[in-house]
Amino acid sequence: MKRREFLQQGGKALALATVTGATGLLFHNSNSGSYTAVLERSTSFEVPPDKSFPGIALARQDDPIATLNSALDAVGGIKRFVKPGEKVTVKPNVGWDRAPEQAANTNPILVGEMVRLCYEAGASEVVVTDVTCNDPRRCFLRSGIREAAEKAGAKVILPVEEDYIKVNMGGKLLTAWPVLRYFIETDRMINMPIVKQHSLSICTLGMKNLYGILGGRRNQLHQRIDQSIVDLASFCRPTLTVADATRVLHRGGPQGGSLDDVTIENSVICSTDQVALDARACEFLGLSGDLVSHIALAQASGLGTVDYESIGYKEIVL
Amino acid sequence: MTVKTVRNLRRVSQVVFFLLFFWLILKTTFEVDFSPSDSGAIVLPYPVSIALEFDPLVALMTLLTTGSIYKGLLWSLVILIPTIFLGRFFCGWICPLGTLNHWISEIGSERRARKGARRIESNRYKKYQRIKYYLLFIFIGTSIGGSLQMGLLDPLPLLARSIGTVVLPIVHTFSIGIRDTMMGTGIPPVMAVTRFLYDLFAAVMLPFRQAHFHTIISLGVFFFVIIAMNRIFTRFWCRGICPLGAMLGYFSRFAILGLEKKASACDHCNLCLISCQGADNPDVGTRWRKAECHLCLNCQASCPQGALSFKFFPEQENTVENPAATSKVDISRRKVIGSVAGGLAIFAGLRSGDAFAVNASPLTIRPPGSVDEHDFLARCIRCGQCMRVCPNNALHPTLLESGFEAMWTPVMIARIGYCEPTCTLCGQVCPTGAIQELTLKQKVGDKETQPNRIGTAFLDRGRCLPWAMATPCIVCEEWCPTSPKAIYLRDKIVQDREGNDVLVKRPYIDPRLCTGCGACEFACPVADQKAIYITAVGESRSERNQILLEQRRKA
């Protein structure tokens with residue numbers, strides 16, 4: 001071997017060895033396991049309290065649109081909650097592939113009207129979304145919510161995988177969970193549950209409806225359902241909760257199916273206090289707030305009051 | 001019109017029919033902008049399986065297995081009757097798998113075997129081209145017995161399932177991978193362009209969510225081998241394997257369109273053989289084989305001397321130098337009988353095994369509206385349309401779980417996706433009636449009508465949280481869609497490890513109400529092996545596979 005050849009080949013070998021070694025060192029990771037960055041966020045969309053309005057109002061009328069407006073006006077009207085230029089996310093319950101009459105999902109007429117009101121108050125964008133249980137295409141379709149919301153001009157989002165952000169929720173039980181980003185990247189959040197029975201949490205109302213902001217393996221939350229509901233309600237504080245009690249599902253919840261399980265109540269409840277709202281709403285199911293464990297736990301955790309009359313309760317019945 | 005124009009028309013026809021076929025498979029999906037009919041049922045706006053209904057082999061074989069031609073399969077006559085007069089124009093002009101094979105075969109190659117004299121030699125008729133006739137008659141034999149095996153090799157179902165359950169899911173995974181890589185760069189313009197392109201691509205090509213199919217590897221390898229063989233032998237599949245081509249070859253026996261060869265004009269340049277698709281001996285001096293020709297017209301268009309021309313009622317010289325064409329298929333009567341007998345023997349072999357009846361798998365959970373297994377195997381062509389359209393990715397091809405006979409037929413794997421109670425899409429797309437189209441009422445039932453059942457749920461009490469681990473759960477009950485719920489709860493005070501009393505609700509299943517939809521299995525939090533699971537027993541379609549006396553159908 002000539003000297004030149006020796007130097008050339010040896011040099012190349014040395015260079016390759018250097019690159020190989022450097023690559024190994026550069027990408028070496030001495031930590032075991034992977035780490036996913038999470039966002040530290042609390043999501044309070046609340047407006048400042050205003051003593052001149054009652055804290056909770058219930059309206060009972062035949063026309064759902066008028067009912068919503070009466071209840072909403074009683075607690076201050078939409079302009080108190082949505083300011084011009086704000087982005088609003090409306091969260092109805094669109095959990096199941098059920099028609100409106102079956103009372104498993106929020107009444108689409110109320111959702112449409114709420115979207116209209118938000119735009120009337122000057123909202124720059126209104127998003128209507130929910131993390132459904134059944135296939136979202138079917139849920140949004142059969143519930144009539146997609147149609148009603150789109151007619152009113154809302155952007156309806158059927159969640160897909162990339163719509164979630166992992167957030168540290170800072171709860172006792174709920175720590176890092178994927179949250180649908182429309183419930184984080186927004187200015188106002190209006191929670192629109194429907195009143196229905198549930199075998200484990202006894203009832204699905206405002207705070208339980210917040211399950212629908214989460215992705216991931218929600219089915220594990222049932223193992224400690226009261227604490228998970230309270231964690232959720234402390235993490236996500238809606239601007240306003242509007243409970244749909246136009247139809248109430250008494251049995252077979254949360255999906256229902258049979259119209260025999262549904263009663264017509266023609267009522268809408270609005271409140272800025274999630275606990276008070278749930279306490280009033282559960283009375284439609286023959287329950288009392290302090291006897292429903294997750295509502296009682298929410299009060300004990302300082303999220304609001306079960307004694308809804310103490311924050312000013314107004315009932316408008318025509 | 002010159003022959004080159006006609007050849008260009010053939011090229012256009014191939015592109016159009018290929019794109020149409022592909023588009024129909026893309027449309028075999030539940031799109032977000034559907035709206036329900038007045039009855040509340042969701043119906044596909046296009047007849048997405050129509051391409052499969054034009055398949056004469058499907059019509060013939062289902063006629064043999066069931067004695068009838070199901071619904072749209074009558075369309076197949078639109079292909080078959082012109083074939084009788086024209087020959088295998090379908091193979092050269094329409095068949096999307098033929099087109100794909102054509103394209104893949106014709107991509108330039110560096111391999112010497114595909115050039116010059118070797119290529120000419122490879123495009124002469126070869127004995128292996130008989131295989132397709134053997135296969136055709138073997139499939140006829142199994143069909144006479146009652147088992148529809150042709151779906152494995154029929155080009156239209158084969159391509160439909162390969163695109164729907166292999167190619168498109170792979171494209172989906174791939175495009176998500178590219179998107180995530182590009183988004184991971186964190187460079188705003190790159191991200192914006194990626195987002196735009198991905199959304200555009202997704203709107204055209206991708207279903208609402210990524211589908212993950214069982215045994216994609218077996219389907220994928222099968223399809224890949226078929227495609228890859230084109231690189232060794234031009235249109236190996238079309239020439240040697242395709243049972244539909246074989247059938248059309250048989251029916252082209254009396255075709256009045258044929259190739260006329262003028263020996264006097266030919267100077268034996270062999271350009272006709274260079275571009276021949278069917279290996280049917282278009283050159284002067286050999287016997288043209290009508291049953292092998294795809295009517296691609298390459299030979300006529302490439303002949304510089306004008307010695308070759310396709311004509312109605314061609315004049316047939318028959319000399320030693322230029323023997324006349326033959327319409328006979330290259331398989332003897334004895335071999336036809338042998339193949340049919342072989343097919344019958346295969347049928348008997350399949351049914352003598354245990355998988356069909358005596359040891360049917362509990363996991364053979366057929367789609368809602370499926371006919372009894374006996375009839376199902378007489379109808380299912382394994383086109384995969386039901387799997388593609390299922391909005392929940394619930395339906396999957398089997399490999400050998402339901403027996404060799406049922407390979408690649410659809411079953412539900414509820415852990416991946418459950419059967420959406422109000423959905424009837426799989427019955428809408430099934431071209432052969434293996435899955436009957438149900439109305440919404442037939443699917444969910446009402447006070448008078450029993451719902452369609454595909455199985456029954458069972459509990460594994462050793463894995464169930466309230467039963468085994470003193471932990472509240474009841475997700476299965478929450479998800480149970482029947483009304484009243486088939487899953488009911490009983491309160492029980494149990495003691496945890498520390499001896500504390502814990503009130504749990506324990507689930508029980510009422511088999512009278514359970515439809516086997518699998519929502520409970522899907523939702524059960526015991527992720528890897530569910531504490532509640534479906535087996536096929538109780539399925540509406542079966543008289544025998546029942547638990548309850550009261551649910552035995554009246555025969």
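Along every chain, residues carry numbers that run from 1 in the direction the sequence is written. Labels follow written order: the first chain is A, the first ligand is 1, and so on. Totals for whole chains, interfaces and linings use every residue, but because this is a predicted model, local features are given only for residues with pLDDT of at least 70 and side-chain atom pairs only at 80 or more, for both listing and counting. Computation of side-chain values covers all heavy atoms of the structure but excludes hydrogens and water.

### Comments concerning the overall build of chain B
The cut-off we apply is this: In DSSP terms, a helix is any run of H or I states spanning at least four residues, a strand is any run of E spanning at least two, and both are numbered starting from the N terminus. When accessible area is computed with a 1.4 Å probe and restricted to protein chains, residues below 20% of their type maximum are described as buried, those above 50% as exposed, and intermediate ones as partly exposed. Should any heavy atoms of two residues lie within 4.5 Å, those residues are counted as being in contact. Calculation of accessible area relied on Shrake-Rupley with a 1.4 Å probe; when residues are assessed, cover is drawn exclusively from the protein chains displayed. Counting rule applied: Lys, Arg positive; Asp, Glu negative; His and chain ends not counted. A charge is said to be at NZ when it belongs to Lys, at CZ for Arg, at CG for Asp and at CD for Glu.
Regarding its fold elements, chain B presents 23 helices and eight strands. Seen along its three principal axes, the alpha-carbon backbone of chain B occupies a region of about 100 × 65 × 45 Å. Buried positions account for 57% of the 555 residues belonging to chain B. Sequence separation of at least 24 residues holds for 74% of the intrachain contacts in chain B that already meet a minimum separation of 6. Only carbon and sulfur atoms are counted for the fraction: they give 63% of the accessible area of chain B, which is about 24100 Å². In chain B, 61 side chains carry a positive charge and 43 a negative one; their mean positions are 8 Å apart.

### Digging into the overall build of chain A
Our working rule: Radius of gyration here is computed from C-alpha atoms only, and the compact-globule reference equals 2.2 Å multiplied by the residue count raised to the power 0.38.
On a plain count of helices and strands, chain A comes out with 10 helices and 15 strands. Taking 318 residues into account, the globule formula puts the C-alpha radius of gyration at 20 Å, and chain A, at 25 Å, lies well above it. Along the three orthogonal principal directions, the C-alpha set of chain A runs to about 105 × 40 × 40 Å. Within the span of chain A, comprising 318 residues, buried residues form 58% of the whole. The long-range share in chain A, meaning contacts at least 24 apart out of those at least 6 apart in sequence, stands at 73%. Side chains of chain A give 34 positive and 35 negative charges; the mean places of these two sets differ by 11 Å.

### Here we look at the confidence of the model for chain B
For clarity, the cut-off: A residue's pLDDT is the confidence the predictor assigns to it, expressed on a 0 to 100 scale.
In this model, chain B carries an average pLDDT of 92, and 97% of its residues clear a pLDDT of 70 or more. Scored by ipTM, the complex comes to 0.85, with pTM at 0.90.

### A look at the pattern of salt bridges
Pairing between side chains of opposite charge can happen when their charged atoms approach one another. What counts here: By definition here, a salt bridge exists when the distance from a side-chain nitrogen of Lys or Arg to a carboxyl oxygen of Asp or Glu is within 4 Å.
On inspection of all chains with the given rule, the structure shows 38 salt bridges over all chains. In this structure, Arg 137 of chain A and Asp 135 of chain A form a salt bridge, with 3.1 Å as the shortest nitrogen-oxygen distance. According to the relative accessible area criterion, Arg 137 of chain A is buried, its value standing at 3%. Since its relative accessible area comes to 1%, Asp 135 of chain A is described here as buried. For Glu 260 of chain B, the salt bridge goes to Lys 311 of chain B, with nearest N and O atoms at 3.1 Å. One end of the pair, Glu 260 of chain B, is in strand S1 (residues 257-261); the other, Lys 311 of chain B, is in strand S2 (residues 308-312), with 51 residues separating them in the sequence. Among the residues examined, Glu 260 of chain B registers a relative accessible area of 9% and is labelled buried. Several salt bridges converge on common partners, so that one network encompasses Glu 121, Arg 124, Lys 126 and Asp 283 of chain B.

### Side note on the nonpolar core
Condition: Take the buried Ala, Val, Leu, Ile, Met, Phe, Trp, Tyr and Cys residues and link them wherever side-chain atoms come within 4.5 Å; each set so joined is a nonpolar core.
The biggest cluster of nonpolar side chains holds 82 residues, and the ones touching the most others in it are Leu 97 and Trp 237 of chain B. No other element matches helix H9 (residues 155-184) of chain B, which puts seven residues into this core. Leave out the neighbours within four places in its chain, and Trp 237 of chain B touches Leu 97, Asn 101, Leu 153, Pro 155, Leu 158, Ile 226 and Cys 242 of chain B. The next biggest cluster of nonpolar side chains, apart from the first, holds 54 residues, and it includes Leu 210, Cys 282, Phe 284 and Ala 298 of chain A.

### Points about the packing of aromatic side chains
This is how the line gets drawn: Any pair of Phe, Tyr and Trp rings, taking the six-membered ring for Trp, is counted once the centres come within 6.5 Å. Such a pair is stacked with planes under 30 degrees apart, edge-to-face with planes over 60 apart, and tilted for the rest. The rule is short: NZ of Lys or CZ of Arg within 6 Å of the ring centre and within 35 degrees of the ring normal puts a charge over the ring.
Within this structure, the stated rule accounts for 18 aromatic pairs over all chains. With centroids separated by 5.4 Å and ring planes inclined at 85°, the aromatic side chains of Phe 137 of chain B and Tyr 250 of chain B adopt a geometry described as edge-to-face. Highlighted residues: Phe 137 of chain B in helix H8 (residues 131-145) and Tyr 250 of chain B in helix H13 (residues 243-251), separated in sequence by 113 residues. Residue classification places Tyr 250 of chain B among the partly exposed positions, given a relative accessible area of 25%. The rings of Trp 96 of chain A together with Tyr 418, Trp 479 and Phe 522 of chain B are connected pair by pair, giving a single aromatic cluster. Above the plane of the ring of Tyr 211 of chain A lies Lys 208 of chain A, whose end atom (NZ or CZ) is 4.2 Å from the centre. Stacked on the ring of Trp 467 of chain B, the Lys or Arg Arg 461 of chain B has its end atom at 3.9 Å from the ring centre.

### Comments concerning the interface of chain A and chain B
What counts, and what does not: Accessible area that two parts lose when put together, evaluated with a 1.4 Å probe and summed over both, is termed the buried area.
On the side of chain B, 43 residues touch chain A, which itself brings 34 residues to the contact. Per-residue buried area on chain A facing chain B is highest for Arg 137, Arg 138 and Leu 141 of chain A; these three make up 25% of the total on that side. At the junction of chain A with chain B, the criterion picks out four salt bridges. Linking Lys 447 of chain B and Asp 260 of chain A is a salt bridge whose minimum nitrogen-to-oxygen distance equals 3.8 Å.

### A short note on the environment of Asn 191 of chain A
Residues and elements named next belong to chain A. Residue position: Asn 191 is located in strand S9 (residues 188-192). Once the C-alpha coordinates of Asn 191 and Ile 56 are considered, the two residues, 135 residues apart in sequence, prove to be 14 Å apart. In this structure, Asn 191 is in contact with Lys 91, Gly 206, Asn 209, Leu 210, Pro 238, Leu 240, Thr 241 and Val 242, ignoring residues within four places of it in sequence.

### Some points on the side chain of Lys 208 of chain A
With respect to the element layout, Lys 208 of chain A can be found in helix H7 (residues 206-209). Residues contacting Lys 208 of chain A, with those up to four places away along its chain left out, are His 198, Ser 201, Cys 203, Ile 225 and Ile 229 of chain A together with Glu 478 of chain B.

### Let's talk about helix H2 (residues 64-74) of chain A
Residue and element names in this part refer to chain A. The buried count for H2 comes to eight of 11 residues, which makes it a mostly enclosed element. Along H2, the positions that sit buried rather than exposed are Pro 64, Thr 67, Leu 68, Asn 69, Ser 70, Ala 71, Leu 72 and Ala 74. On its buried side, H2 packs onto strand S3 (56-60), helix H3 (78-81), helix H4 (108-120), strand S13 (240-249), strand S14 (262-271) and strand S15 (313-317).

### Examining the environment of Tyr 134 of chain B
Residue and element names in this part refer to chain B. Inspection of the secondary structure puts Tyr 134 in helix H8. In this structure, the C-alpha to C-alpha distance between Tyr 134 and Gly 338, residues 204 residues apart in sequence, is 8.7 Å. Among all residues touching Tyr 134, those that are not within four sequence positions of it are Ile 331, Lys 335 and Ser 339.

### Some words on the side chain of Asn 452 of chain B
Residue and element names in this part refer to chain B. This is how the line gets drawn: Nitrogen and oxygen atoms within 3.5 Å of one another constitute a polar contact, given that in protein one can donate a hydrogen and the other can accept it, and given that sequence-neighbouring residues count only through two side-chain atoms.
Among the structural elements, Asn 452 can be located in the loop between helix H20 (440-444) and strand S5 (456-459). Given the relative accessible area of 15%, Asn 452 is considered buried. Within polar-contact distance, the side chain of Asn 452 engages the backbone nitrogen of Gly 369 at 3.4 Å. Ignoring anything within four residues of it in the chain, the contact list for Asn 452 reads Pro 368, Gly 369, Leu 438, Gln 442, Lys 443, Thr 515 and Ser 540.

### Points about the packing of helix H3 (residues 56-66) of chain B against H8 of chain B
Axis angle and axis distance: for two packed helices, these are the angle between their axes and the distance between the axes, and together they describe the pair. Residue and element names in this part refer to chain B. Keep this limit in mind: Each axis is a line fitted through C-alpha atoms, and for a helix only the stretch in contact is used; angles between axes span 0 to 180 degrees, taken between their N-to-C directions. By the definition used in this description, the sense in which the near helix is turned from the far one sets the handedness, with an anticlockwise turn below a right angle giving left-handed and a clockwise turn giving right-handed.
It is at 7 Å that the axes of H3 and H8 come closest, and there the two elements cross at 35°. Like other packed secondary-structure pairs, H3 and H8 cross with a definite hand, here right-handed. For the pair H3 and H8, contact is made by Leu 57, Leu 60, Met 61, Leu 64 and Thr 65 and by Leu 136, Phe 139, Ile 140, Ser 143 and Ile 144, respectively.

### Section: H4 of chain A
Residues and elements named next belong to chain A. As a reminder, the rule being used: In this analysis, the expected span of each helix is defined as 1.5 Å times one less than the number of residues it contains.
Over its 13 residues, H4 runs 18 Å from end to end, which matches the ideal 18 Å to within 8%, given 1.5 Å per residue. Pro 108, Leu 110, Val 111, Gly 112, Glu 113, Met 114, Val 115, Leu 117 and Cys 118 are the residues of H4 that are buried. Its side-chain oxygen at 3.0 Å from the backbone nitrogen of Ile 109, Asn 107 defines the N-terminal cap of H4.

### Here's the deal with the pairing of S13 of chain A
Residue and element names in this part refer to chain A. Under the convention used in this document: At least two bridges found by DSSP between two strands is the condition for calling them paired.
Counted residue by residue, S13 has nine buried out of 10 residues, so it is predominantly covered. Bridge analysis of strand S10 (residues 194-198) against S13 gives two bridges, and the strand direction is parallel. Paired with Ile 194 across the two strands is Asp 244, which belongs to S13. The sheet contact formed by S13 and S14 spans eight bridges and is antiparallel. In the sheet register, Ala 243 faces S14, and the bridge partner there is Ile 269.

### Side note on a nonpolar patch on the surface
Selection criterion: Patch building starts from residues that exceed 30% relative accessible area and form no salt bridge, then joins like charges within 9 Å and nonpolar side chains (Val, Leu, Ile, Met, Phe, Trp, Tyr) within 5 Å.
On the surface, Val 12, Val 16, Phe 17, Leu 20, Trp 23 and Tyr 46 of chain B cluster together into a nonpolar patch covering about 520 Å² of accessible area. You can see Trp 23 of chain B is positioned in helix H1 (residues 3-26).

### Details of the packing of H2 of chain A against H4 of chain A
Residue and element names in this part refer to chain A. Condition: Reported orientations rely on four angle classes, namely roughly parallel under 35 degrees, roughly antiparallel over 145, roughly perpendicular from 65 to 115, and oblique for the rest. For this scheme, ten residues count as nonpolar: Ala, Val, Leu, Ile, Met, Phe, Trp, Tyr, Cys and Pro. Four count as charged, namely Asp, Glu, Lys and Arg, and the remainder, Gly too, count as polar.
Interhelical geometry of H2 versus H4 gives an angle of 50° and a closest axis separation of 9 Å. Classified by the angle their axes make, H2 and H4 are oblique. Note on packing geometry: the crossing formed by H2 with H4 is right-handed. In this structure, H2 uses Pro 64, Ile 65, Leu 68, Asn 69 and Leu 72 to contact H4, whose residues at the interface are Ile 109, Leu 110, Glu 113, Met 114 and Leu 117. Considering only residue class, the contact of H2 with H4 consists of eight nonpolar, one polar and one charged.

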